[in-house]
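Structure at a glance
Here are the chains, one letter per residue:
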Amino acid sequence: DGGITQSPKYLFRKEGQNVTLSCEQNLNHDAMYWYRQDPGQGLRLIYYSQIVNDFQKGDIAEGYSVSREKKESFPLTVTSAQKNPTAFYLCATGGRTQYSNQPQHFGDGTRLSIL
Amino acid sequence: GNSVTQMEGPVTLSEEAFLTINCTYTATGYPSLFWYVQYPGEGLQLLLKATKADDKGSNKGFEATYRKETTSFHLEKGSVQVSDSAVYFCALSVPGGSYIPTFGRGTSLIVHP
């Protein structure tokens, strides 16, 4: 089945550690996104990528990094510079920019906590 | 810029009650409008959408009509079930540009038996 796979489902980070969240898609979508969701909050955009080897910062990129080496994959690294990483992280995909009437598709999320 | 405003939750209802979750928007151009649903511990799923004025989106008993004159896209359901308990997000996207959707803050719905 076509979809988005996020892993792991739960992740724990130690002080000073970088951790990487995986996002893989087989929907053949060009655009991929990372969002952060805090309890009772909406979605905040961390990074997005519209094509391979290109990505842009979202509203809260500080303390995060990404890469887009393959169309199917868009991993997110939460660096030690992100002092408050505890949150639910959602990966999403979408079609080309002119197809604004198409919805985003979301993975099931990764819950990151500090040890 | 673009923005989406949703009514604050939680909305608490008894089973079989009528549901309305208000959503209003501001946007440049002619946006497409969406409702997404998020069940506990999961990602968002598209519930319904409308791409032009007066369109009605519907799915699973939920409906919303694109009202350009009032810039609204209110979500309604005639008879809610316990299984409808979730968080509902209203969103818009505008043609061209970077295609970054704008989301509302979400409205939590709790349905009691």
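Heads up: the structure comes first, above all this text.
Here's a quick rundown of the structure. (Residues numbered from 1 in each chain as written. Chains lettered and ligands numbered in written order. Predicted model: local features only at pLDDT ≥ 70, side-chain atom pairs only at ≥ 80, totals over all residues. Heavy atoms only, no water.)

For chain B, the count of helices and strands is zero helices and 12 strands. When the helices and strands of chain B are placed in sequence order, the string is β-β-β-β-β-β-β-β-β-β-β-β. Against the 2.2 N^0.38 benchmark of 13 Å for 113 residues, chain B shows a C-alpha radius of gyration of 14 Å, consistent with a compact globule. For chain B, the C-alpha atoms occupy an extent of roughly 45 × 30 × 20 Å along the three principal directions. (Helix = DSSP H or I, 4+ residues; strand = E, 2+ residues; numbered from the N terminus. Rg over C-alpha atoms; globule rule 2.2 N^0.38 Å.)

Cis geometry marks the peptide bond from Ser7 of chain A to Pro8 of chain A, where omega comes out at -10°. Locating Pro8 of chain A in the fold gives a position in the loop between β1 (4-7) and β2 (10-13). The phi dihedral of Asn53 of chain A falls on the positive side, at around 65°, and the residue is not glycine. The phi dihedral of Lys60 of chain B is positive, around 55°, even though this residue is not glycine. Locating Lys60 of chain B in the fold gives a position in the loop between β7 (56-59) and β8 (62-65). Under the relative-accessibility criterion, Lys60 of chain B is labelled exposed at 53%. (Buried < 20%, exposed > 50% of the residue type's maximum accessible area, 1.4 Å probe, protein only.)

Before going further, it helps to spend a moment on the sheet that holds β7 of chain B. Residues and elements named next belong to chain B. Strand order across the open sheet formed by four strands is β3-β9-β8-β7, with antiparallel pairing between neighbours. Of all the strands in the sheet, just β3 (19-21) and β7 have a single pairing partner and so form its edges. Pairs of neighbouring strands in the sheet enclose a mean axial angle of 15°, with direction left out of account. Relative to β8, β7 runs antiparallel, the two being bridged by four bridges. In the sheet register, Asn59 faces β8, and the bridge partner there is Phe62. (Pairing = 2+ DSSP bridges. Axes fitted to C-alpha atoms, helices over the stretch in contact; angles between N-to-C directions.)

So, on to the nonpolar core. Within the largest apolar cluster, 26 residues are counted, with the highest numbers of intra-cluster contacts made by Leu19, Trp35, Leu48, Phe73, Leu75 and Tyr88 of chain B. Of all the secondary structure elements, the ones that give two or more residues to this core are β2 (11-14), β3, β4 (23-26), β5 (32-38), β6 (44-50), β8, β10 (86-93) and β12 (107-112) of chain B. Tallying contributions element by element places β10 of chain B first for this core, with four residues. One finds Met32, Val66, Leu76 and Ala87 of chain A within the second-largest nonpolar core, a separate group that totals 19 residues. (Core = buried A, V, L, I, M, F, W, Y, C linked by side-chain atoms within 4.5 Å.)

Attention now moves to the state of the cysteines. All names here are of chain B. Scanning the entire structure with this criterion turns up two disulfides over all chains. Across a sulfur-sulfur distance of 2.0 Å, Cys23 and Cys90 are joined as a disulfide pair. An S-S torsion of about -70° defines the bridge between Cys23 and Cys90 as left-handed. Pair noted here: Cys23 is in strand β4 and Cys90 is in strand β10, with a separation of 67 residues, a long-range link. Each member of the pair Cys23 and Cys90 is classed as buried. (Disulfide = S-S within 2.5 Å.)

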